Amino acid sequence: MECAAKGLVAEPCAGGAHRRCGSCGAVAYCSRAHQFIHWTLHKEECARLATQMSHIDVLSQFPFVFSIESPALNHAIPNTRCFFLESFKVHLKGLWKSECRCGPEISSVKDLSITAEWNMESSLCPCTEPGNSLSAPLASWEEYYRWRSLPLHSPAAVLLHWPLTLYHCLQLSRIQASRCDANDTLRIHYLGPEKELLQLPVFAELLALFPGVHLCIELVGPTVPRSRDGEVLNISSYAHCSAESCCCRSFAASEDVNCSALTLKLWKGVYHERYSDMDSNPHLIVAPNAGLAAYPTWLPTIEMIRKIGIPAMFTDFCEEAAHLASCCISSITGQPLRVPIQVNPFRQPIAENNSALYIPCYSNCFIFGM
């Protein structure tokens, strides 16, 4: 951590920031003098940050049992996240390529639909239809894994947090399949995609979560490659496993993409500038890891969403980012959030520190909506 007063005082910091605030523990200082100077600013946020810090145990509540030890300094794969992927033999393979720093950049990928492989045995991934239909909405990773008959040491949730977060947003917004349009189509505008552009086949899990519904998801954001602008991808089968004899491969080989149950369309640019180009009004707008308070380009987008009156759900990396985003939304709309800030049960279950892979996580962590 850096000294919270760094850049706000004339005196340079006196070494590392090892002195934490005794009330919240969320900020640190290099010296008592810098802590005293910063208090005039920090006192407005100290109680709020203390409340947020009290939620650490909640963020650590995952059912998973996968874990690894830190890689040795002379290991061929020194990065901890890469080491984790290599422990499952999926490092730089299939859908996992963008899960580490050595993966490809989005702009360098010529075909976003070519990496539709889990590269794991069938027992570790959802490559076929579920054994039974859902009797009640899923509310946790444990319920999802049980429904999909996955062992808790399967790392599938590392990728599945994208479609499961989208599923949870639809549950929170109370938009049900019965509210689809006349063609039984559920339309979603997905704002600001980044890494998930290289993992689009995992969205096929929505076929299991919403059986019999045609989902049309339009993804719009500045990171969409210019060569992909306007591209349409049809998905009618799950990403397949590594077993050559599994039925998921034979089905994929015979699929008719013209009868796809999931349609993805890509748009390059910011939402408020491309909205008029998109095919139709959505039932829901979703913006994962939005960073609303960090990017001024969100302001006209929020104003436009307010005017068109379509439900919108956002996620952010941490509770403080979600708080700042909610203040930003309220200042524009003049109204409180329709869905208050809450922990996303389907957040990605791994994060990194300097020595080992650990839980909690800060990806798609908090969810809220207007």
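Note that the structure is predicted; figures quoted are calculated from it, not measured.

For the rest of this paragraph, the subject is the environment of Ala204. Among the structural elements, Ala204 can be located in the loop between strand E3 (185-191) and helix H7 (205-209). Since its relative accessible area comes to 1%, Ala204 is described here as buried. Sequence spacing of Ala204 and Pro126 is 78 residues, and the spatial spacing of their C-alpha atoms is 9.8 Å. Apart from residues lying up to four places away in sequence, Ala204 is in contact with Ile235, Ser237, Tyr238 and Leu262.

We now examine helix H2 (residues 46-53). Listed as buried for H2 are Cys46, Leu49 and Gln52. Down the axis of H2, the buried side of the element spans an arc of 120 degrees, and every buried residue falls inside it. Structurally, H2 contributes buried residues whose contacts are with helix H1 (32-42), helix H3 (56-59) and helix H11 (319-333).

Here we take up helix H10 (residues 298-308). All of the buried residues along H10 are Trp298, Thr301, Ile302, Met304 and Ile305. All buried residues of H10 fall inside an arc of 160 degrees around its axis, so they share one side. Contacts from the buried residues of H10 go to E3, helix H9 (271-274), strand E7 (284-287), strand E8 (312-316) and H11. Just past H10, the residue Gly309 takes up positive phi, approximately 70 degrees.

The next thing to look at is empty space enclosed by the protein. Scanning the model with the defined rule gives one cavity of 30 Å³ or more in all. One number sums up the size of the largest cavity: a volume of about 50 Å³. Taken together, Trp118, Pro126, Leu160, Pro201, Val202, Ala204, Glu205, Tyr238 and Ala239 make up the lining of the largest cavity. Classifying every residue of the lining of the largest cavity gives eight nonpolar, no polar and one charged.

Now for the nonpolar core. One finds Trp118, Trp141, Tyr144, Phe203 and Ile217 to be the most contacted residues of the largest nonpolar core, which totals 69 residues. Of all the elements, helix H6 (residues 157-172) adds the most residues to this core, at ten residues. For Phe203, the residues in contact, after removing those within four places along its chain, are Trp162, Pro163, Leu166, Tyr190, Glu196, Ile217 and Leu262. Counting 27 residues, the second-largest nonpolar core is a separate cluster that includes Met278, Ile285, Leu292 and Ile329.

This brings us to the packing of H2 against H11. Any two packed helices are characterised by the angle at which their axes cross and by the distance between the axes. Two numbers describe how H2 lies on H11: the axes approach to 10 Å, and their chain directions differ by 130 degrees. Judged by the inter-axis angle, H2 sits oblique to H11. Residues Arg48, Leu49 and Gln52 of H2 form the contact with H11, whose own contacting residues are Glu319, Glu320 and His323. Here the residues of the contact of H2 with H11 are counted per class, giving one nonpolar, two polar and three charged.

This next bit is on the layout of surface pockets. Put simply, the largest pocket is a space of about 980 Å³. Residue lining of the largest pocket: 43 residues in total, with Gly192, Glu194, Lys195, Asn289 and Phe317 positioned closest to the centre. Broken down by secondary-structure element, the contributors of at least two residues to the lining of the largest pocket are H6, strand E4 (214-221), H10 and strand E10 (351-352). The residue makeup of the lining of the largest pocket, split by class, is 21 nonpolar, 13 polar and nine charged.

So, on to the confidence of the model for the chain. Here the chain averages 86 in pLDDT, while 86% of its residues score no lower than 70. In the model of the chain, strand E11 (residues 357-358) stands out as the element of lowest mean pLDDT, 38, in contrast to helix H5 (residues 141-147), which has the highest, 97. Segment residues 253-259 is flagged for pLDDT under 50; beyond a separation of four residues in sequence, or across chains, it makes four contacts in the model. Residue range residues 352-360 is modelled with pLDDT below 50. Its contacts to residues more than four positions away, or to other chains, number 26 contacts.

About the cut-offs
Residues numbered from 1 in each chain as written. Predicted model: local features only at pLDDT ≥ 70, side-chain atom pairs only at ≥ 80, totals over all residues. Heavy atoms only, no water. Helix = DSSP H or I, 4+ residues; strand = E, 2+ residues; numbered from the N terminus. Buried < 20%, exposed > 50% of the residue type's maximum accessible area, 1.4 Å probe, protein only. Contact = heavy atoms within 4.5 Å. Arc of directions from axis to C-beta. 1 Å grid on protein atoms, 1.4 Å probe; cavity = no way out; pocket = protein on both sides within 12 Å on 5 of 7 lines; lining within 4 Å. Points joined across faces, edges and corners; volume = space filled by probe spheres on them. Nonpolar A, V, L, I, M, F, W, Y, C, P; charged D, E, K, R; others polar. Core = buried A, V, L, I, M, F, W, Y, C linked by side-chain atoms within 4.5 Å. Axes fitted to C-alpha atoms, helices over the stretch in contact; angles between N-to-C directions. Parallel < 35°, antiparallel > 145°, perpendicular 65-115°, else oblique. pLDDT = per-residue confidence, 0-100.

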